[in-house]
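A look at the structure
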Amino acid sequence: AQTVTQSQPEMSVQEAETVTLSCTYDTSESNYYLFWYKQPPSRQMILVIRQEAYKQQNATENRFSVNFQKAAKSFSLKISDSQLGDTAMYFCAFMFNNAGNMLTFGGGTRLMVKP
Amino acid sequence: NAGVTQTPKFRVLKTGQSMTLLCAQDMNHEYMYWYRQDPGMGLRLIHYSVGEGTTAKGEVPDGYNVSRLKKQNFLLGLESAAPSQTSVYFCASSRGVVDNRRYNEQFFGPGTRLTVL
């Protein structure tokens, strides 16, 4: 079974600065997807960014970008120009490319953006 | 377009009681999921469904049952609640495979906080 590890339980960053959240995973598969989800205090799960394993180019979505290192099984999230609204739990998640589209989540990183 | 809705939002049960959580989606999605989130942890998959009338076990299925009688609804049942089932429960849906293309983004409901005393 695959596992997803987020080694940073909590992080903080000053508003307008850049922060990187780490994620590693373990799988023997070669075809899969990786995701970052945001969970603000409202508890709603919000998709931040998605990466297909077969694509070498790192995904970007506005201020959010990833550093995908397939050989190292690493998938970090970089948040640029941090905003107060980025304060949330961030979860890294893994999905096999098979029937069911099931997600396996990491334990999460709590990010606090300070004014 | 309400997306994914969950009923109820909060519930308190006594040990041994039963209840059903309802998840509804209005996006015509094929796939639906039930997850639980315990304090300080990520979500774990309980059961899922890849279409009306089908269900399958996830990572932590014990103590739960599910049914998908209608495409838009996915029910999660607890037959005899235990304190270990105190958690926040999330439902999600995804479009699935359409015309041989996989749509894998999952859309989540707002969650149900369940406390078992």
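Look above for the structure.
Residues numbered from 1 in each chain as written. Chains lettered and ligands numbered in written order. Predicted model: local features only at pLDDT ≥ 70, side-chain atom pairs only at ≥ 80, totals over all residues. Heavy atoms only, no water.

Bringing the state of the cysteines into the picture now. The final tally for this structure, using the stated rule, is two disulfides over all chains. Shown here is the disulfide that connects Cys-23 of chain A with Cys-92 of chain A, its sulfur atoms set 2.0 Å apart. Here Cys-23 of chain A and Cys-92 of chain A share a disulfide; its torsion about the S-S bond, -70 degrees, makes the bridge left-handed. Here Cys-23 of chain A is found in the loop between strand 3 (19-21) and strand 4 (24-26), whereas its partner Cys-92 of chain A is found in strand 10 (residues 88-96), with 69 residues between them in sequence. Residue Cys-23 of chain A is classed as buried on the basis of its relative accessible area of 1%. Assessed through its relative accessible area of 1%, Cys-92 of chain A is described here as buried. Two residues share a disulfide in this structure: Cys-23 of chain B and Cys-91 of chain B, whose sulfurs sit 1.8 Å from each other. (Disulfide = S-S within 2.5 Å. Helix = DSSP H or I, 4+ residues; strand = E, 2+ residues; numbered from the N terminus. Buried < 20%, exposed > 50% of the residue type's maximum accessible area, 1.4 Å probe, protein only.)

This part takes up the pattern of salt bridges. Residue and element names in this part refer to chain B. Tallying each qualifying case throughout the model produces six salt bridges over all chains. Glu-30 is the partner of Lys-71 in a salt bridge, and the nearest nitrogen-oxygen pair spans 2.8 Å. In this pair, Lys-71 sits in the loop between strand 7 (65-67) and strand 8 (73-78) while Glu-30 sits in the loop between strand 3 (19-25) and strand 4 (31-37), placing the two residues 41 residues apart along the sequence. With a shortest N-O distance of 2.8 Å, Asp-38 and Arg-36 are connected by a salt bridge. What you see here is one network of salt bridges that share partners, running through Arg-36, Asp-38 and Arg-44. (Salt bridge = Lys/Arg side-chain N within 4 Å of Asp/Glu carboxyl O.)

In this section: the nonpolar core. In globular proteins that are soluble, nonpolar side chains generally tend to be buried together. Ranked by size, the top nonpolar core spans 25 residues in total, and within it Tyr-25, Trp-36, Phe-75, Leu-77 and Tyr-90 of chain A carry the most contacts. Of all the secondary structure elements, the ones that give two or more residues to this core are strand 3, strand 5 (32-39), strand 6 (46-52), strand 8 (64-69), strand 9 (74-79), strand 10 and strand 12 (109-114) of chain A. If one sorts the elements of this core by residue count, strand 10 of chain A sits on top with four residues. Setting aside residues up to four positions removed in sequence, Tyr-90 of chain A forms contacts with Gln-6, Leu-21, Trp-36, Tyr-37, Lys-38, Val-48, Phe-64, Leu-77, Ile-79, Gly-108, Thr-109 and Leu-111 of chain A. Among the nonpolar cores identified, the runner-up in size contains 20 residues, and Ala-93 of chain A together with Tyr-33, Leu-45 and Ala-92 of chain B belong to it. (Core = buried A, V, L, I, M, F, W, Y, C linked by side-chain atoms within 4.5 Å. Contact = heavy atoms within 4.5 Å.)

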